[in-house]
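Structural overview
The residues making up each chain are set out below.
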Protein chains: 2
Amino acid sequence: MNLPKKVTIVDVGPRDGFQMEPGFIPTEQKIQIIDRLSETGIKRIEVTSFVHPKYVPQLADAEEVLARIKRKEGVIYEALVPNAKGVERAIQAGVEHVSMVISASESHNKANVNMTVAESLKTLKEAVKLALSHGIKVTTGVGTAFGCALEGWVPPEKVEAVADEFLDMGVCELSLGDTPGLANPAQVSEMVRYYLQKLKGTDVGLRLHFHDSRGQGLANVLAAMLEGATIIDTAICGMGGCPYSPGATGNIASGDTVNLLEAMGIDTGIDLMKLIECERMTQDLLGKELPGQTIKSGPIPWALKKPKSG
Amino acid sequence: MNLPKKVTIVDVGPRDGFQMEPGFIPTEQKIQIIDRLSETGIKRIEVTSFVHPKYVPQLADAEEVLARIKRKEGVIYEALVPNAKGVERAIQAGVEHVSMVISASESHNKANVNMTVAESLKTLKEAVKLALSHGIKVTTGVGTAFGCALEGWVPPEKVEAVADEFLDMGVCELSLGDTPGLANPAQVSEMVRYYLQKLKGTDVGLRLHFHDSRGQGLANVLAAMLEGATIIDTAICGMGGCPYSPGATGNIASGDTVNLLEAMGIDTGIDLMKLIECERMTQDLLGKELPGQTIKSGPIPWALKKPKSG
């Protein structure tokens, strides 16, 4: 198989995962989890969101989290921002890299941020400009890029229309998101091939965000990597979900993803045993079973150490 | 992606899934589940096992199940047999297709059937001969073909040594099994390519048996299909497990697999909604949550009906 040698894992659990939890996770616990995650060798963590606390009360402690985590050398602590106000808060909190998202599906964007796609683009244009003028790196993501729980099939042209506007803004990374977990490997393969070709010769990276709602998350990761994708979102222990898919599992689990990649000889830079211990701690702190499988089954032994033959 | 147009799903849930259940599933319920499964359009079901009831009391009702299920035209009702005595029982019960398994790992084979691999091969040689002489089709499977929970890495030569003995016996299908859920897509890709090449020009089919212990089951299916594999074991609702991986999920779920394949335009012949209803019924009858995800999230809409564009 023609697979990349190295893949960058972005753990979005402390943002995408935590925000789906019904009860408030004490700030102290959030910090404990992020600090433990920082020690695994991971390079990028999306630690919180500067969305108005009225909408996401779970992440109302964004400033405190960012002020109190132990910043590990070599780890980038990122945050989601919804608008210029969010960028201002992120700047104040010393964030170096922010993410912003628009859904390609009008219904989902409306449900998510109560704006049309055009209004969102206008809002984010201003936010991106502000971030870039402060030397902050910006990832912009197209949500529902592979289908929408509300609208169903999302035509690729709609995704590209949003992506093109983002690219015009001068962002450093484009993300394609499958929050409802509707993507399949054939579709992922086609999309990733198309966007990697489109971004060829630019400095813009392509990042993929998959959920595991129908058990297909890692198959989609495989399809993306076979086309050359090297930046993958995961969430600690498979936290997260989709408000429109009740009962669905969440993001692809960091432990499952790193286990699979390392077993295939793809370097993530992450110490799998430390990651699994961090996932176990998270499960213990939250006091409930989370979807990740590798914390239950244990890692593939040769994901830790390569076999001598074969 | 270069994927097969059609894939045959073999639901082994009533054998591999049921036998892992701690409490006895009433015969009436087993029949109800198998009959419902028969109505989904599936072509092959492994309905039971003729292992001595002392070892697998759950399947002590093999004869009764086979006598009382409604045999649907076009569906093959298969059974696992451990030896010639099992073949005799299968013949009496009117079974047309039997499966037999040996683990490539000595420790696992010992733990599983209390025989060395050489002893197992001798036992199965006799059993295969008896089955073939009665016009019964035989699948022989190499278990722990991708790794062993007891021994760890299993050298491919050990797998091939067993496979070669099987092929000499004149079987119609060779199966490679990953019961502990240790396989990764790169390894699957290599193995499937090798075995499809080896079997080229013969009438022997290649069948793959994956478990989802680390969330990687469908990624392995994808890898196998990319090499041309077209016969895949699944289990209703992801039942099953591995006695040596406590807490691990079981076989790849039929619903998740069919959902993914149909979404990619691969024809399984199965009515996904009927399959999901059958999985829901199974969950209700067993009175507990089973690992399958698609029964929770619902199918990808275009797994049911193709999108107009894209």
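The following paragraphs examine the structure supplied in this document. (Residues numbered from 1 in each chain as written. Chains lettered and ligands numbered in written order. Predicted model: local features only at pLDDT ≥ 70, side-chain atom pairs only at ≥ 80, totals over all residues.)

**Comments concerning the sheet that holds strand β5 (residues 137–143) of chain A**
Residue and element names in this part refer to chain A.
- With parallel pairing, the 8 strands of this closed barrel are ordered in space as β1-β2-β3-β4-β5-β6-β7-β8. On average, each strand axis in the sheet is inclined to that of its neighbour by 25°, with strand direction left out of account.
- Bridge count for strand β3 (residues 76–80) against strand β4 (residues 97–103) is 3 bridges, and the pairing is parallel. By the bridge assignment for β4, Glu-78 is matched with His-97. (Pairing = 2+ DSSP bridges. Helix = DSSP H or I, 4+ residues; strand = E, 2+ residues; numbered from the N terminus. Axes fitted to C-alpha atoms, helices over the stretch in contact; angles between N-to-C directions.)

**Section: the sheet that holds strand β3 (residues 76–80) of chain B**
All names here are of chain B.
- Pairing within the closed barrel is parallel, and its 8 strands lie in the order β1-β2-β3-β4-β5-β6-β7-β8. Adjacent strand axes in the sheet meet at a mean angle of 25°, parallel and antiparallel pairs treated alike.
- By the bridge criterion, 4 bridges tie strand β1 (residues 8–11) to strand β8 (residues 231–234) in an arrangement that is parallel. Within the sheet, the bridge partner assigned to Asp-11 lies in β8 and is Thr-234.

**Considerations on the nonpolar core**
- Counting 192 residues, the largest nonpolar core has Val-98 and Leu-222 of chain A together with Val-98 and Leu-222 of chain B as its most contacted members.
- Residues contacting Leu-222 of chain B, with those up to four places away along its chain left out, are Pro-185, Ala-219, Leu-222 and Ala-223 of chain A together with Pro-185 of chain B. (Core = buried A, V, L, I, M, F, W, Y, C linked by C-beta atoms within 7 Å. Buried ≥ 20, exposed ≤ 12 C-beta atoms within 10 Å, placed from the backbone. Contact = placed C-beta atoms within 7 Å.)

**Comments concerning the relation of the copies chain A and chain B**
- For the pair chain A and chain B, the superposition axis carries a translation of 0.0 Å, the fit reaches an RMSD of 0.0 Å, and the rotation angle comes to 180°. The symmetry that links the two subunits is that of a two-fold axis. The position closest to the rotation axis in chain A is occupied by the C-alpha of Ala-219 of chain A, lying 1.9 Å away.
- With an isologous cut-off of 70% or more, the 100% of interface residues of chain A that recur at the interface of chain B puts this contact in the isologous class. (Least-squares fit on C-alpha atoms with pLDDT ≥ 70 in both.)

**Re the pairing of β4 of chain A**
- Burial analysis of β4 of chain A places 6 of its 7 residues in the buried class, which makes it a mostly covered element.
- Where the polypeptide runs from β3 of chain A across helix α4 (residues 84–92) of chain A and back to β4 of chain A, its parallel neighbour, the crossover connection is right-handed. (Right-handed = clockwise from strand over helix to strand, strands pointing away.)

**Focus on the interface of chain A and chain B**
- Taken residue by residue, the interface counts 41 residues in chain A and 41 residues in chain B.
- Where the side of chain A that touches chain B is concerned, the elements lending two or more residues are α8 (185–199), α9 (217–226), α10 (254–263), α12 (294–297) and α13 (301–304) of chain A.
- When grouped by side-chain class, the residues that make up the side of chain A that touches chain B number 21 nonpolar, 16 polar and 4 charged. (Nonpolar A, V, L, I, M, F, W, Y, C, P; charged D, E, K, R; others polar.)

**Focus: the pairing of strand β2 (residues 44–49) of chain B**
All names here are of chain B.
- Of all 6 residues in β2, 5 are buried; the element is thus mostly enclosed.
- Bridge count for β1 against β2 is 2 bridges, and the pairing is parallel. When the bridges of β2 are listed, Asp-11 appears paired with Ile-45.
- Sheet analysis places β2 next to β3, joined by 5 bridges and oriented parallel. Its bridge partner being in β3, Ser-49 is matched across the sheet by Leu-80.
- One crossover worth recording links β2 to the parallel β3 by way of helix α3 (residues 62–68), and it is right-handed.

**Remarks on α10 of chain A**
Residues and elements named next belong to chain A.
- Taken across its 10 residues, α10 has 10 buried, putting it largely inside the fold.
- Of the residues making up α10, those classed as buried are Ser-254, Gly-255, Asp-256, Thr-257, Val-258, Asn-259, Leu-260, Leu-261, Glu-262 and Ala-263.
- The first or second residue beyond α10 is Gly-265, which carries a positive phi of 85°.

**Here's the deal with the packing of helix α2 (residues 27–38) of chain B against helix α11 (residues 272–286) of chain B**
Residues and elements named next belong to chain B.
- Relative to each other, α2 and α11 sit at 170°, their axes nearing to 9 Å. Of the possible angle classes, the one that applies to α2 and α11 is roughly antiparallel. Across from Gln-29, Gln-32, Ile-33, Arg-36 and Leu-37 in α2, the residues of α11 making contact are Cys-278, Met-281, Thr-282 and Leu-285.
- Of the residues in the contact of α2 with α11, the class split is 5 nonpolar, 3 polar and 1 charged. (Parallel < 35°, antiparallel > 145°, perpendicular 65-115°, else oblique.)

**Concerning helix α6 (residues 117–133) of chain A**
Residues and elements named next belong to chain A.
- Here α6 is 17 residues long and its end C-alpha atoms lie 24 Å apart, about the 24 Å a rise of 1.5 Å per residue gives.
- Buried-residue contacts for α6 involve α4, β4, α5 (106–113), β5 and α7 (156–168).
- Count one or two residues on from α6 and you reach Gly-135, which has phi positive near 75°. (Expected span 1.5 Å × (residues − 1).)

**Focus: the environment of Ile-266 of chain B**
Residues and elements named next belong to chain B.
- Tracing the chain through its elements places Ile-266 in the loop between α10 (254–263) and α11.
- Given 18 C-beta atoms within a 10 Å radius, Ile-266 is considered partly exposed.
- In this structure, the C-alpha to C-alpha distance between Ile-266 and Asp-256, residues 10 residues apart in sequence, is 13 Å.
- Sequence-distant contacts of Ile-266, defined by excluding residues within four places in its chain, comprise Leu-3, Pro-4, Lys-5, Lys-6, Val-7 and Leu-261.

**Brief notes about unusual backbone geometry**
- Although it is not a glycine, Thr-144 of chain A adopts a positive phi angle of roughly 50°.
- Summarising the element assignment, Thr-144 of chain A is placed in the loop between β5 and α7.
- Not every positive phi belongs to a glycine, and Cys-237 of chain B is a case in point at roughly 65°.
- By the element assignment, Cys-237 of chain B lies in the loop between β8 and α10.
- When the 31 C-beta atoms within 10 Å are taken as the criterion, Cys-237 of chain B is described as buried.

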